Every structure is written in C-alpha cells, then in structure tokens.
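# Residue-level structure breakdown
In case you want the letters, here they are:
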Amino acid sequence: LKKVGIVVTADCDLENKKHAKLVTLVSVVSVKTIMENYLLPEDCEKKRPQIESYVFRCFSIENDQEVETKKALLIDEIKKTKISHDDASIVAAKFITDQLTSLSVKEYKAVMNASGSGVKKTDAINRQISDRGDLLILPDSEALEINGCVAWVRQIWQVPLNSIALRTSETRSRDGEKIARLDSPFRYRLTQLMAQVFSDIGL
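Positions within a chain are numbered from 1, following the residues in the order the chain's sequence is written. Residues qualify for local features only when their pLDDT is at least 70, as the model is predicted, and side-chain atom pairs are given and counted only at 80 or more; totals for whole chains, interfaces and linings, by contrast, use all residues. Side-chain figures throughout are based on the complete set of non-hydrogen atoms in the structure, without hydrogens or water.

Before going further, it helps to spend a moment on the nonpolar core. Only buried residues count toward a nonpolar core. Its members are Ala, Val, Leu, Ile, Met, Phe, Trp, Tyr and Cys residues joined through side-chain atoms within 4.5 Å. Residue exposure (1.4 Å probe, protein chains only): buried if accessible area is under 20% of the type maximum, exposed if over 50%, otherwise partly exposed. Counting residues in hydrophobic clusters, the biggest one holds 31 residues, and the most contacted among them are Ile34, Ile51, Val55 and Leu74. Elements are defined by DSSP. Helices are runs of H or I of four residues or more, strands are runs of E of two residues or more, and each kind is numbered from the N terminus. Looking at this core, the elements with two or more residues in it are helix H2 (31-46), helix H3 (48-58), helix H4 (67-80), helix H5 (88-96), helix H6 (105-115), helix H7 (122-131) and strand E4 (150-160). Contacts of Leu74, omitting those with residues within four sequence positions, involve Val55, Phe56, Phe59, Ile61, Ala93, Ile96 and Thr97. Membership of the second largest hydrophobic core comes to 13 residues, among which are Ile6, Leu136, Leu193 and Met194. Here, residues are in contact when the closest pair of their heavy atoms is within 4.5 Å.

Next up, the structure:
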C-alpha cells in the first residue's frame, strides 16, 4: 500500500517550509490491491451472519452461546486444526475472529461458495471502484513502471522530505524517487476527493 504515492502536500507549503519537513502522500495501488484490502473484506462483512453460521457448523461450536465465547472457542480450534491454512473453513474462521487484514480473490470465492453466499460480480466491482467516493482512477502508468492506476484517498501516509530523491544523483541515498507530476484534471479531482472524504461532518 505504500510503494507508490502522490505527494499531496501543497507546493506553497513546500516552498515556504510550512510542512514540518514531512510530505504527505496518497497511495497509488492496483485494482487487485483495492479488491483484496477493501472491497472483498467489505462484502464478507455484509455477509457475516451466513459466514458465521457456516464456520460454527464446521467447527461444531454451538450457536446459542455468547459471541465472544464462540470466537474464543473458534480461535482455539484454529490453533488445533490440521487443515491447510488456505482451506475455506480456516479462512472464514480467521475472518470471523478478525485475524485477516486482506482476502485474496481465491480465498474470497472459496469462502463465499462454501458458506452459500453469493460471489460479487465483476460489473458490481467495476461500478464500486468508479462510483466510490475515496477512489480516483488515474491514467495508465505502466510506461513509468508503476503497477497501479487507482489513488486510494483513505490510505495516506507521511515521509520525511529528505527521503525523496528529486534528482537522479540522489536515488542511491534516498528511499523514494520522484517519477512524474500529476497533471490536471486529475490533480484537481484528487484534491476535491480529499476534501469530500476528510471534511465529512462527524469525522
């Protein structure tokens, strides 16, 4: 999530040294990364009751107990079990007990099929990515050797300014390297998106 980013610290702040020597970046990721870290776990969350029912049945855990008790028993069962770590029941159990931060497409399909929940259609995922309020589709950047074309506004992080190489001669001693400049209308759309996401009332 932090391999490629767009610097969103204002030029005037950098010029006038108002950035406290830190630069803020928005992650640029692939559609696969968005799916595995965001959309697929979110879809599983919506179908949690079906997945829970499947998991507790698989591990012979009685359903009429307290939720926390069932989760504790499930964690014990995961540790004891000899089933392969990518088996649908293990993946589903880890999801239920909040031990997964991401979910591969293969794992997602296995869990959905095993629990009797519907797999999300490709069209629905495409729509979600294009309509979502915190994702911006960028121009294809494979020519710059960037494996990603989606700016994920919620995934922001900071690095010291002196860790980014602005000249070719600095690339050996610095972790990051400036590759290109984001042009309009993408630059303006990205700032609008950030304003919408982070100025929502209640945040």
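Here the protein chain averages 87 in pLDDT, while 97% of its residues score no lower than 70. Element-level pLDDT for the protein chain is lowest in helix H1 (residues 11-15), with a mean of 82, against a maximum mean of 93 in H6. Within a predicted model, pLDDT stands for the predictor's per-residue confidence, ranging from 0 to 100.

What follows concerns the pairing of strand E2 (residues 22-29). Where burial is concerned, most of E2 is hidden: seven out of the eight residues are buried. Pairs of strands are assigned from DSSP output, requiring at least two bridges between the strands. Where strand E1 (residues 5-7) and E2 come together, three bridges link them in antiparallel fashion. Within E2, the position partnered with Gly5 by the bridge is Ser27. Pairing of E2 with E4 involves eight bridges; the strand directions are antiparallel. Each residue of the ladder has a partner; that of Leu22, found in E4, is Pro160.

The next thing to look at is the pairing of E4. Where strand E3 (residues 135-137) and E4 come together, three bridges link them in antiparallel fashion. Bridged to Ile137 within E4 is Val150.

Taken in spatial order, the four strands make up an open sheet running E1-E2-E4-E3, and their pairing is antiparallel. Edge positions in the sheet fall to E1 and E3, since each has one partner strand and no second. In this sheet, neighbouring strand axes are inclined to one another by 50° on average, regardless of whether the strands run parallel or antiparallel. Interaxial angle, 0 to 180 degrees, is taken between N-to-C directions of lines fitted to C-alpha atoms, where a helix line uses only the stretch in contact. Sheet contacts for H2: E2, E3 and E4; angle to E4, the most-contacted strand, approximately 90°.

Turning our eyes to something else, we now look at the packing of H5 against H6. It is at 9 Å that the axes of H5 and H6 come closest, and there the two elements cross at 95°. As summarised for this structure, H5 and H6 are arranged roughly perpendicular, according to the angle between their axes. Contacts from Ala88, Val91 and Ala92 of H5 reach H6 at Glu107, Ala110, Val111 and Ala114. Along the lines of polarity and charge, the residues of the contact of H5 with H6 split into six nonpolar, no polar and one charged. Relative orientations are named as follows: roughly parallel for angles under 35 degrees, roughly antiparallel for angles over 145 degrees, roughly perpendicular for angles from 65 to 115 degrees, and oblique for any other angle. Each residue is assigned to one of three groups, with Ala, Val, Leu, Ile, Met, Phe, Trp, Tyr, Cys and Pro labelled nonpolar, Asp, Glu, Lys and Arg labelled charged, and all others, Gly among them, labelled polar.

The next point concerns the side chain of Lys70. The residue Lys70 is located in helix H4 in this model. Buried Lys70, no salt bridge; nearest opposite-charge side chain is Glu52, N-O distance 5.6 Å. Excluding its chain neighbours within four sequence positions, the residues that come into contact with Lys70 are Phe56, Ile61, Glu62, Asn63 and Gln65. Positive residues here are Lys and Arg, negative ones are Asp and Glu, while His and the chain termini are left out of the count. The salt bridge definition used is simple: a Lys or Arg side-chain nitrogen within 4 Å of an Asp or Glu carboxyl oxygen.

Below, the discussion takes up the environment of Gln128. Positionally, Gln128 belongs in helix H7. Taking the C-alpha atoms as reference, Gln128 lies 40 Å from Arg172; in sequence the two are 44 residues apart. Among residues more than four places away in sequence, those in contact with Gln128 are Leu39, Glu42 and Lys120.

The next point concerns the packing of aromatic side chains. The geometry of an aromatic ring pair is captured by two quantities: the separation of the ring centres and the angle between the planes. Centres within 6.5 Å make a pair out of two Phe, Tyr or Trp rings, where for Trp the six-membered ring is used; the pair is then stacked when the planes are under 30 degrees apart, edge-to-face when over 60, and tilted otherwise. The full count for this structure, using the stated rule, is one aromatic pair. Residues Tyr38 and Trp152 carry aromatic rings whose centres are separated by 4.9 Å and whose planes lie at 10° to one another, so their mutual orientation is stacked. Of the two residues, Tyr38 is situated in helix H2 and Trp152 in strand E4; the sequence distance between them amounts to 114 residues. When its relative accessible area of 13% is taken as the criterion, Tyr38 is described as buried. Classification of Trp152 as buried rests on a relative accessible area of 4%. Geometrically, a lysine NZ or arginine CZ counts as sitting over a ring once it is within 6 Å of the ring centre and also within 35 degrees of the ring normal. Here the basic side chain of Arg187 rests over the ring of Tyr188, its NZ or CZ set 5.5 Å away from the ring centre.

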